[in-house]
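# Close look at the chain arrangement
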Amino acid sequence: MKNYTLSDAVLVNNYIKGDECALSVLIERHKQRIYSFIYSKVFDRDISEDIFQDTFIKVIRTLKNGKYNEEGKFLPWVMRIAHNLVIDHFRKGNRMPKFEDNGEFSIFSVISDGNLNAEKRLIKDQVEEDLRNLIQELPDDQKEVLIMRMYRDMSFKEISDKTGVSINTALGRMRYALINLRKVIEKNNIVLTN
Amino acid sequence: MAKFYFKSSRKEEKHLVPNRRTIDFLLNYSKSLQVVEYQKIKFETILN
């Protein structure tokens, strides 16, 4: 009795025509080679299972969509898909680094939450209130320029147009406003930081 | 002497195969996947 082993090309053709058993034979024939290739790159059984599964999902979809050209290179084609998925896996890993909190060192001690807690928010509000009071103590021309620049986000061109002075004059007033603010803060030992 | 310290990793790789469940999933997926062509557009459907 002769044993006939169908080639990959024949199995692929049969599968495309609707023979689901052909796929089973193909997978059984090549699973070890493909899986061990994937594992040799990622060294993780679970990830290897995922990539193996994704590889064959692509194979199945390509075959069923009639997009596969049979050139007697079924295995190299599947290995290429697996290879590309391994690369995708590593690329994704680089985009989203994973941190394992094992108790010895927590990454969250380095990464801080940008949102202010209640205490810090209170302090921030107080600092801003103090600063507004200090600004009120400035001479009117300097106060006007500073408010337009810092609170209304106006350019010096716009400030110059609004106040009727040259840009250089506006710049000068802004400079003196900041110098005077610093002098007052230093003189009175005011703390304006957290 | 070197043979004690240098193990071939190929032996371990020979026994590496995917889980039976993965393969069953793939076979079931293949059975349920249907591609329908309508007006030159292909639609993939998963039959329950």
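## Overview of unusual backbone geometry
At Asp153(A), a position not held by glycine, the phi torsion is positive, near 55 degrees. A residue is classified by how much of its surface remains accessible, and Asp153(A), at 68% relative accessible area, is exposed.

## Looking at the pairing of strand E1 (residues 33-38) of chain B
On a regular strand, each side chain points to the face opposite its neighbour's, so the side chains alternate between the two faces of the sheet. All names here are of chain B. As paired strands, E1 and strand E2 (residues 41-46) are joined by six bridges and run antiparallel to one another. Within E2, the residue paired with Val 35 across the bridge is Glu 44. Linking E1 back to E2 in an antiparallel pair, the connection comprises two residues, with Gln 39 at a positive phi of about 50 degrees.

## Looking at the interface of chain B and chain A
Contact with chain B, which involves 19 residues of that partner, is made by 23 residues of chain A. Of the roughly 2000 Å² buried between chain B and chain A on both sides combined, carbon and sulfur atoms contribute 63%. Where chain B meets chain A, there are two salt bridges. In this structure, Arg20(B) engages Glu28(A) in a salt bridge whose closest nitrogen and oxygen atoms are separated by 3.0 Å. Across the contact surface, chain B and chain A share 11 residue pairs in polar contact (both at pLDDT 80 or more). Going through the elements one at a time, helix H2 (10-14), helix H3 (20-32), E1 and E2 of chain B are the ones with two or more residues in the side of chain B that touches chain A.

The rules behind each value
Residues numbered from 1 in each chain as written. Chains lettered and ligands numbered in written order. Predicted model: local features only at pLDDT ≥ 70, side-chain atom pairs only at ≥ 80, totals over all residues. Heavy atoms only, no water. Buried < 20%, exposed > 50% of the residue type's maximum accessible area, 1.4 Å probe, protein only. Pairing = 2+ DSSP bridges. Helix = DSSP H or I, 4+ residues; strand = E, 2+ residues; numbered from the N terminus. Contact = heavy atoms within 4.5 Å. Buried area = accessible area lost by both parts, 1.4 Å probe. Salt bridge = Lys/Arg side-chain N within 4 Å of Asp/Glu carboxyl O. Polar contact = N/O pair within 3.5 Å; in protein donor to acceptor, adjacent residues only side chain to side chain.

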